[in-house]
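Observations on the model geometry
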Amino acid sequence: MRYTELDIDSWDRKAHYHFFKTYEEPFFGVTVDIDCTAAYAQAKRQNVSFFLYYLHKALVAANHVEAFRYRIMDDKVIVHEKVNAASTINRANGTFGFSNLTYSPSFAEFEKYASVEIEKVRNSDDLTPSGSGDNVIHFSALPWIKFTSVSHARNFSFPDSCPKISIGRITDVDGKKLMPFSVHVHHALMDGYHLGLFIDEFQRLMNKS
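Predicted, not measured: the structure shown is a model, and the values here were computed from it.

About the criteria used
- Just so you know, the residues in each chain are numbered from 1, in the order the chain's sequence is written.
- Reporting in this predicted model follows two pLDDT cut-offs: at least 70 for local features of residues, and 80 or more for side-chain atom pairs to be given and counted; totals over whole chains, interfaces and linings ignore these cut-offs and use all residues.
- The basis for every side-chain value is the complete set of heavy atoms in the structure, and neither hydrogens nor water enter the calculation.
- Helix numbers and strand numbers start at the N terminus; a helix is a DSSP run of H or I with at least 4 residues, a strand a run of E with at least 2.
- As a reference, a globule follows 2.2 Å times the number of residues to the power 0.38, and the radius of gyration itself is taken over C-alpha atoms.
- Summary of the burial criterion: residues with accessible area below 20% of their type's maximum are buried, those above 50% are exposed, and those between are partly exposed, where the area comes from a 1.4 Å probe applied to protein chains only.
- Any pair of residues with heavy atoms lying within 4.5 Å of one another is described as a contacting pair.
- Here, Shrake-Rupley sampling with a 1.4 Å probe gives the accessible areas, and only protein chains in the shown set may cover a residue.
- A residue counts as positive if it is Lys or Arg and as negative if it is Asp or Glu; His and the chain ends are not included.
- For charged residues, the charge sits on one atom: NZ in Lys, CZ in Arg, CG in Asp, CD in Glu.
- Surface patches are drawn from residues lacking salt bridges whose relative accessible area is over 30%; two like charges belong together within 9 Å, two nonpolar side chains (Val, Leu, Ile, Met, Phe, Trp, Tyr) within 5 Å.
- For salt bridges, the criterion is a side-chain nitrogen of Lys or Arg within 4 Å of an Asp or Glu carboxyl oxygen.
- Pairing between two strands is assigned when DSSP locates at least 2 bridges connecting them.
- Inter-axis angles, ranging from 0 to 180 degrees, are taken between N-to-C directions of lines fitted to C-alpha atoms, where helices are fitted over the stretch in contact.
- Whether two aromatic rings pair depends on their centres lying within 6.5 Å, for rings of Phe, Tyr and Trp, where Trp uses its six-membered ring; planes under 30 degrees apart make the pair stacked, over 60 edge-to-face, and the rest tilted.
- Note on criteria: charge over ring means Lys NZ or Arg CZ within 6 Å of the ring centre, with the direction from the centre no more than 35 degrees off the ring normal.

With that out of the way, let us pick up the overall build of the protein chain. The helix and strand inventory of the protein chain stands at five helices and ten strands. Here the protein chain has a C-alpha radius of gyration of 17 Å; the compact-globule value for 209 residues is 17 Å, and the two agree. Seen along its three principal axes, the alpha-carbon backbone of the protein chain occupies a region of about 50 × 40 × 30 Å. Residue burial in the protein chain is summarised as follows: out of 209 residues, 49% are buried. For the protein chain, the proportion of contacts with a sequence separation of at least 24, taken over those separated by at least 6, is 71%. Roughly 10,900 Å² of accessible area belongs to the protein chain as shown, and the carbon and sulfur atoms make up 51% of that amount. When the 23 basic and 25 acidic side-chain charges of the protein chain are each reduced to a single mean position, those positions are 6 Å apart.

Dropping the structure here:
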């Protein structure tokens, strides 16, 4: 887990960091509809998991926007070299386990190792069979629900600054496939501007498919 320390004193968000890091609930979030028409078709053409396909696009976007690699560690802000996916994985019995899916810019390489990790989680009874650290984005999928907002269970005594992304049920609207996409981020580390950069980049990547 490689990272560098951000110089808070020279950071243009120094005041924002000190202001929001004292909040009991420092996370804020939005929910948008992502047009996944092109990406869904491309995943089907390649005969690959759409779940892994969009997850990889989201990780590419997250690693592209530097603020999504910021974390708070011992009252310091660190910048991870890369962030991975800590995603919920469904099991046949209706439960789930947490996974650690290592990011790679190459989808083929990401899919190869993610498929092994997913099978390991599905064949385990443990909730957390894999360690992850904080260089992750927390992902969860609710493919049964077309939601317009999402809240998350939080342990406020545990220091957490990882972004959280949830995806909902795809619906067909006027010839397009739309997917609810919820993103929650730590306000001490970024603002709506950075969130907008990430969502725009994710949509661009989904369109590019």
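Moving on, we get to a nonpolar patch on the surface. On the surface, Phe96, Phe98 and Leu127 cluster together into a nonpolar patch covering about 260 Å² of accessible area. Along the chain, Phe96 turns up in strand β6 (residues 96-98).

This next bit is on the environment of Pro105. By the element assignment, Pro105 lies in the loop between β6 and α4 (107-122). You can call Pro105 exposed: its relative accessible area is 66%. Pro105 sits 49 residues away from His56 along the chain, and the two C-alpha atoms are 8.3 Å apart.

Quick look at the pairing of strand β7 (residues 136-142) now. Taken together, the four bridges between strand β5 (residues 84-90) and β7 define a ladder with parallel strand orientation. By the bridge assignment for β7, Ala85 is matched with Ile137. Of the pairings in the sheet, the one linking β7 to strand β8 (residues 164-168) comprises five bridges and is parallel in character. Counterpart to Ala141 in the pairing with β8 is Ile167.

The residue Ala85 is located in strand β5 in this model. Apart from the residues lying within four places of it in its own chain, the contact partners of Ala85 are Leu55, Leu59, Ser99, Asn100, Leu101, Ile137 and Phe139.

Attention now moves to the sheet that holds strand β3 (residues 70-73). Read from one edge of the open sheet, three strands run β1-β4-β3, paired in antiparallel fashion. Because the sheet does not close on itself, it has two edges, and the strands there are β1 (3-5) and β3. Here the strands of the sheet are splayed against their neighbours by 35° on average, with no regard to which way each runs.

Once that is clear, we can look at the environment of Tyr3. One can find Tyr3 in strand β1. Given the relative accessible area of 40%, Tyr3 is considered partly exposed. The spacing of Tyr3 and Leu127 is 124 residues in sequence and 27 Å in space, taken between C-alpha atoms.

To describe a pair of aromatic rings, one takes the distance between the centres and the angle between the planes. A complete count under the given rule lists 14 aromatic pairs for this structure. Each ring, one from Phe50 and one from Tyr54, has its centre 5.2 Å from the other, and the planes form 70°; the classification is edge-to-face. Separated by four residues within a single helix, Phe50 and Tyr54 lie in helix α3 (residues 50-64), roughly one turn from each other. When sorted by exposure, Phe50 lands in the same class as Tyr54, which is buried. Above the face of the Tyr40 ring, Lys177 is positioned so that its terminal group lies 4.9 Å from the ring centre.

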